[in-house]
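What follows is the residue order along each chain.
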Amino acid sequence: MLQLESRPTLSGSKVFLVILRTTRKKRGKSVRKAMGLADNRWSLKGMSALVTGGTKGIGYAIVEELAKLGARVHTCSRNEAELKGCLKAWEGKGFVVTGSVCDVSSKAQREKLMESVSSVFNGMLNILVSCPSSM
Ligand SMILES: NC(=O)c1ccc[n+]([C@@H]2O[C@H](COP(=O)([O-])OP(=O)(O)OC[C@H]3O[C@@H](n4cnc5c(N)ncnc54)[C@H](OP(=O)(O)O)[C@@H]3O)[C@@H](O)[C@H]2O)c1
């Protein structure tokens, strides 16, 4: 669990290292079964997650998966219109997802993002997933 009071930056502090790999559908199914996902024994209820670059590609899929498992998710991207569109779509699906416009290649914007995340999650962040290839 990451205490946000120490004002970490995204570059300096990683909670979980997430390795993004493409897996075959068959292998994915057996992994889901082994983790208890198939029969809902595994839950992220009460957990908070920050997914940077969540409006497209793998980041988008990770936001949906974490939200489906019950986590509260905050995401970011540079394009405000796309971010707003995604937040609206997730709200329509019943997911608890918030978002900020942020270019994670900018230190000042990363610091502002962490202030927003700290405020949204009351200072506690459980999961960090960093997606943009431009980082
Ligand atoms: N796609 C694949 O098949 C694949 C396979 C294996 C691994 N990966 C890895 O997975 C990661 C994601 O790849 P991807 O192809 O899914 O997507 P991507 O094009 O790298 O990123 C898509 C998301 O990141 C946001 N983004 C990009 N630059 C950003 C920045 N500087 N600040 C904030 N947000 C930013 C985009 O929104 P905005 O443009 O609006 O900011 C969008 O939401 C990469 O590290 C890639 O190397 C991808």
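The rules behind these values
Residues numbered from 1 in each chain as written. Predicted model: local features only at pLDDT ≥ 70, side-chain atom pairs only at ≥ 80, totals over all residues. Heavy atoms only, no water. Helix = DSSP H or I, 4+ residues; strand = E, 2+ residues; numbered from the N terminus. Expected span 1.5 Å × (residues − 1). Buried < 20%, exposed > 50% of the residue type's maximum accessible area, 1.4 Å probe, protein only. Contact = heavy atoms within 4.5 Å. Core = buried A, V, L, I, M, F, W, Y, C linked by side-chain atoms within 4.5 Å.

### Things to note about helix α2 (residues 57-68)
The end-to-end C-alpha separation of α2 is 17 Å, in line with the 16 Å expected for 12 residues at 1.5 Å each. Looking at α2, one finds that the buried residues are Gly59, Ile62, Val63, Glu64, Leu66 and Ala67. The inward-facing, buried residues of α2 abut β2 (48-52), β3 (72-77), α3 (80-92), β4 (97-101) and β6 (127-130). One or two residues past the end of α2 sits Gly70, with phi positive at roughly 105°.

### A look at the environment of Gly54
Tracing the chain through its elements places Gly54 in the loop between β2 and α2. With residues up to four places along the chain from it excluded, the contact list for Gly54 reads Gly59, Tyr60, Val63, Thr75, Cys76 and Trp90.

### Description of the nonpolar core
Membership of the largest hydrophobic core comes to 19 residues, with the highest contact counts inside it found for Val51, Leu66, Val73, Trp90, Val97 and Val129. Those elements that provide at least two residues to this core are β2, α2, α3 and β6.

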